[in-house]
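An overview of the molecular structure
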Amino acid sequence: MARVKQWIYGDRLSYLLFEPISRRSALIDALPVLSDSYRSFLTSKGLSNQYLLYTAAETSDVSDIAGLRIAPTSGERLPQSLPLGETILWTLPDAAGECCGFRCEGFAFTGQWFSPGALLYLTTVKEPSPALLQSLLELADDTIIYPGRIVSGQRITSLGQEKAIAARETSGRSRNA
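1. Observations regarding the overall build of the protein
Regarding its fold elements, the protein presents four helices and eleven strands. Across the 177 residues in the protein, those meeting the buried criterion constitute 44%. Within the protein, counting contacts between residues at least 6 apart in sequence, those at least 24 apart form 51% of the total. Surface accessibility of the protein: about 9,100 Å² in total, with carbon and sulfur atoms responsible for 50%.

Next comes the structure, spelled out in structure tokens:
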């Protein structure tokens, strides 16, 4: 089973998804300022980084860490799946090519486009794209969501928790209307 290491820089979050047995990893939404910390962790665990994954088209490259760079770009298709030892990462693509997500084994990495407490807002304004949001909503309720930034001190959430917040808010509005 894959594991997740989270880094915090200000309100921004980045992650390393790794398999302890195969020793393969994928760095997600890496920040150049944390390069030394990433390298130190990779070395201490004896990990071989396979991918530098980004959830937004506008990224700051971490060029001093090995791995195939994958980011959404208008006009280019993202790979549907990415092998990481026994773990398979699946992409959650945005039709416009401006953002994406990655999922595997009960985890979803959403970057800045989906933050804790955002489900109600995103379903109301229909952003980023209905297809991207729909692909996230089709995951199991116990899927742990790793966002790209901290919101009100919250660094992770679950799809079930997000659905409950949205349902509670929607129910409260309809009673008050």
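2. Concerning the packing of aromatic side chains
Enumeration according to the criterion identifies nine aromatic pairs in this entry. The interplanar angle of 65° and the centroid separation of 6.5 Å between the aromatic rings of Phe107 and Phe109 together place this pair among those described as edge-to-face. There is no split in this pair, since Phe107 and Phe109 are both buried. Plain terms: the ring middles of Phe109 and Tyr146 are 5.1 Å apart, the flat faces sit at 15° to each other, and that makes the pair stacked. Pair noted here: Phe109 is in strand 9 (residues 107-111) and Tyr146 is in strand 10 (residues 144-147), with a separation of 37 residues, a long-range link. This pair shows no difference in class: Phe109 is buried, exactly as Tyr146 is. Grouping aromatic residues by their ring pairs yields a cluster made of Trp7, Phe18, Tyr38 and Phe41.

3. Considering unusual backbone geometry
Within the chain, Arg23 stands out as a residue other than glycine whose phi angle is a positive 65°. Along the chain, Arg23 turns up in the loop between strand 2 (12-18) and strand 3 (24-28). One non-glycine residue, Asp29, adopts positive backbone phi at about 55°. Relative to the assigned elements, Asp29 resides in the loop between strand 3 and helix 1 (35-45). On the accessibility criterion, Asp29 (9% relative accessible area) is buried.

Here is what the cut-offs are and how they apply
Residues numbered from 1 in each chain as written. Predicted model: local features only at pLDDT ≥ 70, side-chain atom pairs only at ≥ 80, totals over all residues. Heavy atoms only, no water. Helix = DSSP H or I, 4+ residues; strand = E, 2+ residues; numbered from the N terminus. Buried < 20%, exposed > 50% of the residue type's maximum accessible area, 1.4 Å probe, protein only. Contact = heavy atoms within 4.5 Å. Areas by Shrake-Rupley, 256 points an atom, 1.4 Å probe, with all protein chains shown as cover. Phe/Tyr/Trp six-rings, centres within 6.5 Å; stacked < 30°, edge-to-face > 60°.

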